[in-house]
Amino acid sequence: MSEDYRRNNPSDAIVEQMVLIDIRNMLQSMGKEIKSFPLPEIDNTYDDACGVPHEIFKESNIESIEDDVALSDSLNNEQRAAYDEILSSIDSKDGGLFFVDGPGGTGKTFLYRALLAKVRSQNKIAVATATSGVAASIMPGGRTAHSRFKIPLTIESGGYCSFTKQSGTATLLRTASLIIWDEVSMIKKQKVEALDNSMRDIMDRPDLPFGGKTVVFGGDFRQVLPVVRKGSRAQIVDASLRRSYLWDYMRHLKLVRNMRAHSDPWFAEYLLRIGNGIEESNVDGEVRLPDEICVPYTGDDNDLDRLIQCIFPNLNENMANKDYITSRAILSTAMIGLIVLI
Ligand SMILES: Nc1ncnc2c1ncn2[C@@H]1O[C@H](COP(=O)(O)OP(=O)(O)OP(=O)(O)O)[C@@H](O)[C@H]1O
C-alpha cells in the first residue's frame, strides 16, 4: 500500500500518515475504530476527510455534472410528476417508497440523473445504486446495490445486510436524503427486505419501512427477472419484489412514453405490446416480427453480407463517423453467430 504513496511523496512521515488514513477508512467501513488498534496517531493535516467517514466524504464529493442539473428542464410530463413527488417526499422528511415503473427507453435513468443532480446540488447526500454494474455505471457516483449495501450473496427471509450500526455505510445511509436502486426487478425480494430490516435498525424506527427514508426503486418486470436455479415461472415470479410485503408500501410512478424510440411511435408501441404480453403469438409463445424490420434469410452465401449491408450501409466511408458507429450494432444470441460474423 505504501508503495503507491511513495511514488508521489518523498517523505516517510507523509507516506505513513496516508497509509494510516487508508487503514482507518477500511476499518470504518467494517464498523471498527482505528483507535482500538496499537497504531500511530493520525495527523489530520493529511486527511482530506478530516475524520468524516470515508463513505460520506466520497459521496459528498461527487460533482454534479452541469448537464445533469439542466436535465430537469427537459423532463416530460410523466417524468416531471415523478420528479416533483419524489422531491417533495425528501423535503417533507417523512420519507416514502417509490417504484418507477417504465419499460425500456421510457427515461428512468434520465429521471434518476435529474434527481441525483438536484439533491446533490442542495449539498444533500444521494446514494445511487443498481443491481448490475452496467446500470450503476451510467449514474454519477453509482455503485452496485450488493457492494453499497453490503448485501450477503445468499440470504434467507428476515436477513440483514452485513454492515454494523457503527460502520461508515450505516452513517452514510442514515445521512442520505435519497436512495436510488435501479433494476430492482432483477433481484430476489429477500435482498431488498434485508436492506429494509437494516435501515429500520440503523434509523431506530422499526415500525417504518426503510426507517422513514425516501427510497426510489426502478425497474421493468417485462425485462430480466431474478435468477432462480431450475425455477418454474411461478417460483421466479414469487422470488421477485412484486411478491414482497414491501410492494404494497410503494407508490407506483408510471413512465409510459418511450423516449428512446420517440421518433418511431409504431416501434415503441410494438415493443410495449410484446412487453405487456398482448402481442399475438403462436402456441409456443413466439411473436412474429413484421417483415419491414427483418432482413430475410434465404440460406444462400450472401445472407450475412446482406445483413451487414443493411445495418452498416457504406461502412468504409463511415468508419470514422462516431454517430454512425455508435448508433448501430449486430447482436447475436449465441457465440457461434458472432464467430461467423468475425
Ligand atoms: N425527457 C427527455 N428528454 C430527452 N431525452 C430523453 C428524455 N428522457 C429520456 N431521454 C432519452 O431517451 C433515451 C432512453 O432513456 P433512458 O436510458 O433514461 O431510459 P430507461 O428507461 O432507463 O431505459 P432502459 O430500461 O432500457 O435502461 C436516452 O437516450 C435518454 O437520454
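Conventions adopted
- Residues numbered from 1 in each chain as written.
- Predicted model: local features only at pLDDT ≥ 70, side-chain atom pairs only at ≥ 80, totals over all residues.
- Heavy atoms only, no water.
- UniProt positions renumbered as here; feature names shortened; annotations may be inferred.
- Helix = DSSP H or I, 4+ residues; strand = E, 2+ residues; numbered from the N terminus.
- Buried < 20%, exposed > 50% of the residue type's maximum accessible area, 1.4 Å probe, protein only.
- Contact = heavy atoms within 4.5 Å.
- Near = heavy atom within 4 Å.
- Polar contact = N/O pair within 3.5 Å; in protein donor to acceptor, adjacent residues only side chain to side chain.
- Areas by Shrake-Rupley, 256 points an atom, 1.4 Å probe, with all protein chains shown as cover.
- Nonpolar A, V, L, I, M, F, W, Y, C, P; charged D, E, K, R; others polar.

By the naming in an unreviewed UniProt entry, the protein goes by ATP-dependent DNA helicase and is assigned to Panicum virgatum. Heading Catalytic activity (unreviewed entry) of the UniProt record for the protein holds this comment: "ATP + H2O = ADP + phosphate + H(+)". Looking at the protein in UniProt, the text filed under Cofactor (unreviewed entry) is "Mg(2+)".

> Report on the UniProt feature "domain: DNA helicase Pif1-like DEAD-box helicase" (unreviewed entry) in the protein, specifying residues and quantitative values.
According to UniProt, the "domain: DNA helicase Pif1-like DEAD-box helicase" (unreviewed entry) feature falls on residues 75-280. As a span, residues 75-280 carries 39% helix and 14% strand, and end to end its C-alpha atoms are 33 Å apart.

> Can you explain the environment of Leu71? Please cite residues and give values.
Along the chain, Leu71 turns up in the loop between helix 4 (66-69) and helix 5 (77-92). Overall, the relative accessible area of 14% leaves Leu71 in the buried class. Sequence separation of Leu71 and Leu115 is 44 residues, and the distance between their C-alpha atoms is 9.0 Å. Excluding residues within four positions of it along the chain, Leu71 makes contact with Phe110, Arg113 and Ala114.

> Pulling in residues and values, what's your account of the site of the ligand?
Lining the immediate environment of the ligand, one finds 15 residues, of which Ser74, Gln79, Gly105, Lys108 and Thr109 sit closest. One nitrogen or oxygen atom from the main chain of Ser74 is found 2.8 Å from a nitrogen atom belonging to the ligand. Measuring from an oxygen atom of the ligand, one finds a backbone N or O atom of Gly105 at 2.9 Å. Protein contacts shield 68% of the accessible area of the ligand, which totals 630 Å² for the unbound molecule. Residue contributions to the shell around the ligand peak at 3 residues, all from helix 6 (residues 108-121). Of the residues belonging to the shell around the ligand, the class tally is 4 nonpolar, 9 polar and 2 charged.

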